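# An overview of the molecular structure
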Amino acid sequence: GEAVPFVMELPNYRLPGLKNVAQLLWEKARDFLQKAFTVIFAATIVIWFLQNFDLQLRLTADPQASILARIAGDIAPLFGPLGFADWRISTALITGFTAKEAVISTMGVLMGVGSTAELTRTLPALFTTASALSFLTFTLLYTPCVAATAAIGRELGGRWRGALVAVFQCVIAWLVALLVYQGVRLLF
């Protein structure tokens, strides 16, 4: 016989109530804040420890003698082809894993300035035009904050997958920043 068309009946659409939407929003926001806060808080404690202790686990007032400065100094040569192989810049990028806002505040602390205006006057000692554009490109493209990376890992079904995504983002950021740096140097 003749083919009968498939007809599916959908229930009537009802506009969600304000109370239900507000309750669902609150539950989702509370869950996110609890999860994100714990990750950010733990990362902040680790960064604080690395910034304030030296390799002999003694409290240090000199940022250059800290464990974080040592780690940043070890990875600073990776940024040489991008035009910014200074340990202070690498330190700022490491603290940027907790939150991107920490990049500028860390640079201010390490440069010994108290305001953004003072920081903008001292930055030409660290950057050329090409390296500044390269740094901005890298900062915008490298992995988001640790809470977002943890959420990515949860969504992908494992911490290692989240870490792999973070490494991939850093590699892409490095390559694009290299192209920007070399391109600007060729133009000027």
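To keep things clear, this report deals only with the structure shown in the data block. (Residues numbered from 1 in each chain as written. Predicted model: local features only at pLDDT ≥ 70, side-chain atom pairs only at ≥ 80, totals over all residues. Heavy atoms only, no water.)

### Considerations on the side chain of Thr-149
Within the secondary structure, Thr-149 is located in helix 7 (residues 146-156). The exposure class of Thr-149 is buried, given its relative accessible area of 16%. With residues up to four places along the chain from it excluded, the contact list for Thr-149 reads Thr-143, Pro-144, Gly-162 and Ala-166. (Helix = DSSP H or I, 4+ residues; strand = E, 2+ residues; numbered from the N terminus. Buried < 20%, exposed > 50% of the residue type's maximum accessible area, 1.4 Å probe, protein only. Contact = heavy atoms within 4.5 Å.)

### What about helix 6 (residues 129-141)?
The first and last C-alpha atoms of helix 6 sit 18 Å apart over 13 residues, in line with the 18 Å expected at 1.5 Å per residue. Buried within helix 6 we find Ala-130, Ser-131, Ser-134, Phe-135, Thr-137, Phe-138 and Thr-139. Here the buried face of helix 6 lies against helix 3 (87-95), helix 4 (101-111) and helix 8 (159-187). (Expected span 1.5 Å × (residues − 1).)

### A word on the nonpolar core
Ranked by internal contacts, the top residues of the largest apolar core, which has 20 residues, are Phe-84, Ile-89, Leu-93, Met-107, Phe-127, Phe-135 and Phe-138. Mapped onto this core, the elements with two or more residues apiece are helix 3, helix 4, helix 6 and helix 8. If we ignore the near neighbours within four places in the chain, the residues touching Phe-84 are Phe-79, Ile-89, Leu-93, Phe-127, Ser-131, Ser-134, Phe-135 and Phe-138. With seven residues, the next largest nonpolar core counts Ile-47, Leu-50, Ile-67 and Leu-68 among its residues. (Core = buried A, V, L, I, M, F, W, Y, C linked by side-chain atoms within 4.5 Å.)

### A closer look at the pattern of salt bridges
Throughout the structure, instances matching the rule amount to three salt bridges. Among the salt bridges present, the one from Arg-70 reaches Asp-74, with a minimum N-O distance of 3.6 Å. Linking Arg-70 with Asp-74, this pair stays in helix 2 (residues 67-75), spanning four residues, or about one helical turn. On the basis of relative accessible area, Asp-74 is assigned to the exposed category, the value being 52%. Note that Asp-86 is salt-bridged to Arg-88, the shortest N-O span being 2.9 Å. (Salt bridge = Lys/Arg side-chain N within 4 Å of Asp/Glu carboxyl O.)

### What to know about unusual backbone geometry
A positive phi angle, near 60 degrees, is found at Leu-57, a position not held by glycine. Considering the arrangement of structural elements, one finds Leu-57 in the loop between helix 1 (18-52) and helix 2.

### Concerning the packing of aromatic side chains
According to the stated counting rule, one finds nine aromatic pairs in the structure shown. When the centroid spacing of 5.3 Å and the interplanar angle of 80 degrees are considered together, the rings of Phe-97 and Tyr-142 count as edge-to-face. Residue Phe-97 is found in the loop between helix 3 and helix 4, and its partner Tyr-142 is found in the loop between helix 6 and helix 7; the two are separated by 45 residues along the sequence. Judged by its relative accessible area of 33%, Phe-97 falls in the partly exposed class. (Phe/Tyr/Trp six-rings, centres within 6.5 Å; stacked < 30°, edge-to-face > 60°.)

### Quick notes on the state of the cysteines
Evaluation of the coordinates by the stated rule reveals zero disulfides. Here Cys-145 is not cross-linked by a disulfide; its sulfur's nearest cysteine counterpart is in Cys-170, at 13 Å. With a relative accessible area of 21%, Cys-145 lands in the partly exposed category. (Disulfide = S-S within 2.5 Å.)

### What about the packing of helix 6 against helix 8?
In contact at an axis separation of 8 Å, helix 6 and helix 8 are set at 160 degrees when each is read in the N-to-C sense. Judged on the interaxial angle alone, helix 8 and helix 6 are roughly antiparallel. In this structure, the crossing between helix 6 and helix 8 has a hand that is right-handed. Residues Ala-130, Ser-131, Leu-133, Ser-134, Thr-137, Phe-138 and Leu-141 of helix 6 form the contact with helix 8, whose participating residues are Gln-169, Cys-170, Ala-173, Trp-174, Val-176, Ala-177, Val-180, Tyr-181, Val-184 and Arg-185. Partitioned by chemical class, the residues of the contact of helix 6 with helix 8 number twelve nonpolar, four polar and one charged. (Axes fitted to C-alpha atoms, helices over the stretch in contact; angles between N-to-C directions. Parallel < 35°, antiparallel > 145°, perpendicular 65-115°, else oblique. Left-handed = near helix turned anticlockwise from the far one by under 90°. Nonpolar A, V, L, I, M, F, W, Y, C, P; charged D, E, K, R; others polar.)

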